[in-house]
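Overview (structure and organization)
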Amino acid sequence: MKYNFDEVIDRGGTAAIKWEGLQELWGRTDLIPLWVADMDFATAPFVTEAIKQRCEHPVLGYTSKPDSYYQAIINWNKVRYGLEVEKEMIHFVPGIVPGLGMALNTFTQKGDKVMIQPPVYGPFHWLNTRGDRTLVTNPLKLVDGMYRMDMGAFRRDVKGCKVFILCNPHNPGGVVWTEEELKEVAEICYEEGVLVFSDEIHADLTLPPHKHRPFAMVSEKARMNSVTFMSPSKAFNMPGLTASHALIFNPKLRRKFHAYLESSELDLGHVFAFLAVEAAYSHGTEWLDQCLAYIQGNIDYVDEFTKQHTPKIKVIRPQASFLVWLDCREMGLSQDALNDFFVDKAHLALNNGVAFGEEGEGFMRLNVASPRSVLEQAMKQLADAYVKL
């Protein structure tokens, strides 16, 4: 490989949440942190080089969005997904979760119903509850080791909702939804007058041979009845730059969202945001392909290790992302006892499954985007604790 993903990087002194949060959340610092969804690999070097070059200029002033920023997003979507995007369809947002919150404020009011599909990314829950929206849940079904949508239940539960938030690909289950599933979602939501927010932050982390399908591509109804959120932050390990974007193809929806952003200058960005996105999308193909191959190797390693050494912990193999959903229900532990097992016995910091909804009880989420040596030590600690249990 041209790039070195085996390098162990000391993140001490960088205020990294993955490390700094150990004491606050678990009351200890002797844990291997495999929870926060960023990578322990070096950020893509062409991104950091672009930032370094900008820092050579002595003035860090207000920054406009250059045409090259928009063109990089347009080119990436066309080449990677066959998705045709025009400049006016692109709206900068300071992160996917803030973007979702802004869209909820734009298109819904307090008390409106918003549907999500647990187990799903935690902020989908609290964005709505903290914003006084009425949360509607449409749980996914675990079928043959992979989550699927229950379309009959979907049609029933989405009635009366203003918005459905789609996780595409799914976090934490790692599902790359089929075109048929997405088309049916688009049809139902259009018929029911439900706007779709499609969170596609993990799209660029889709693992071969799987192919990501942008929701807006599956039908004209999907295209005209959705807001798509994307970002290079996960794929190129630059989430601290909070540089994301919303794609809106419907002119009426676009004008409404843009007016909301403009009213509080929420789309201004910052001096490093646009050049980092441009660098990632303009130079990132080779780096990303190698990164995905390394992540796939780590997933294979964890899957084989657990089968041999911790057989009551089942790996739900992701079709996208570096996040692995562990089914620990055969261990027969309560969620508190399960969390205690990983923390106090295995000395590992993972995400507690119930953070993704009550449907996550009996599960844990493991981040495998670490050098193999770190992952090997983590799995050894897990096996030792498993044997003692």
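Residues numbered from 1 in each chain as written. Predicted model: local features only at pLDDT ≥ 70, side-chain atom pairs only at ≥ 80, totals over all residues. Heavy atoms only, no water.

1. Examining the overall build of the protein
Selection rule: Secondary structure counts use DSSP, requiring at least four H or I residues in a row for a helix and at least two E residues in a row for a strand, with both numbered from the N terminus. Radius of gyration: C-alpha atoms only; globule rule: 2.2 Å multiplied by the number of residues to the exponent 0.38. Using a 1.4 Å probe on the protein chains alone, a residue whose accessible area is under 20% of its type maximum counts as buried, one over 50% counts as exposed, and one in between counts as partly exposed. By definition, residues are in contact when any of their heavy atoms lie within 4.5 Å. When charges are counted, neither His nor the chain ends are considered; positive counts come from Lys and Arg and negative counts from Asp and Glu. Throughout, a charge is located at the NZ atom of Lys, the CZ atom of Arg, the CG atom of Asp or the CD atom of Glu.
Along its length, the protein carries 13 helices and 15 strands. On C-alpha atoms alone, the protein measures out to a radius of gyration of 21 Å, which is about the 21 Å that the 2.2 N^0.38 rule sets for 389 residues. Reported as C-alpha extents along the three principal axes, the dimensions of the protein are approximately 60 × 55 × 40 Å. For the protein, buried positions account for 57% of its 389 residues. A separation of at least 24 residues holds for 75% of the contacts in the protein among residues at least 6 apart in sequence. When the 40 positive and 49 negative side-chain charges of the protein are each reduced to one mean point, those points stand 3 Å apart.

2. Here's the deal with the packing of helix α4 (residues 96-107) against helix α5 (residues 123-130)
To keep it simple, the criterion reads: Each axis is a line fitted through C-alpha atoms, taken for helices only over the stretch in contact, and angles between the N-to-C directions span 0 to 180 degrees. Helix crossings are classified by the rotation of the near helix relative to the far one: an anticlockwise turn of less than a right angle makes the crossing left-handed, while a clockwise turn makes it right-handed. Amino acid classes used here: Ala, Val, Leu, Ile, Met, Phe, Trp, Tyr, Cys and Pro are nonpolar; Asp, Glu, Lys and Arg are charged; the rest, including Gly, are polar.
Two elements in contact, α4 and α5, have axes whose closest approach is 11 Å; the angle formed by their N-to-C orientations is 35 degrees. You can see that α4 and α5 cross each other, and the crossing is right-handed. From α4, Val97, Leu100, Gly101 and Leu104 reach across to α5, where they touch Pro123, Phe124, Trp126, Leu127 and Asn128. Of the residues that constitute the contact of α4 with α5, the class distribution is 7 nonpolar, 2 polar and no charged.

3. What about the sheet that holds strand β11 (residues 314-316)?
Filter applied, for reference: A strand pair is defined by DSSP finding two or more bridges across the two strands.
The strand order across the open sheet formed by 4 strands is β11-β12-β15-β14, and the pairing between neighbours is antiparallel. Every interior strand has two partners, whereas the edge strands, β11 and β14 (351-352), have only one. Relative to strand β12 (residues 323-327), β11 is paired through 3 bridges, and the arrangement is antiparallel. Residue pairing across strands places Val315 opposite Leu326, the latter belonging to β12.

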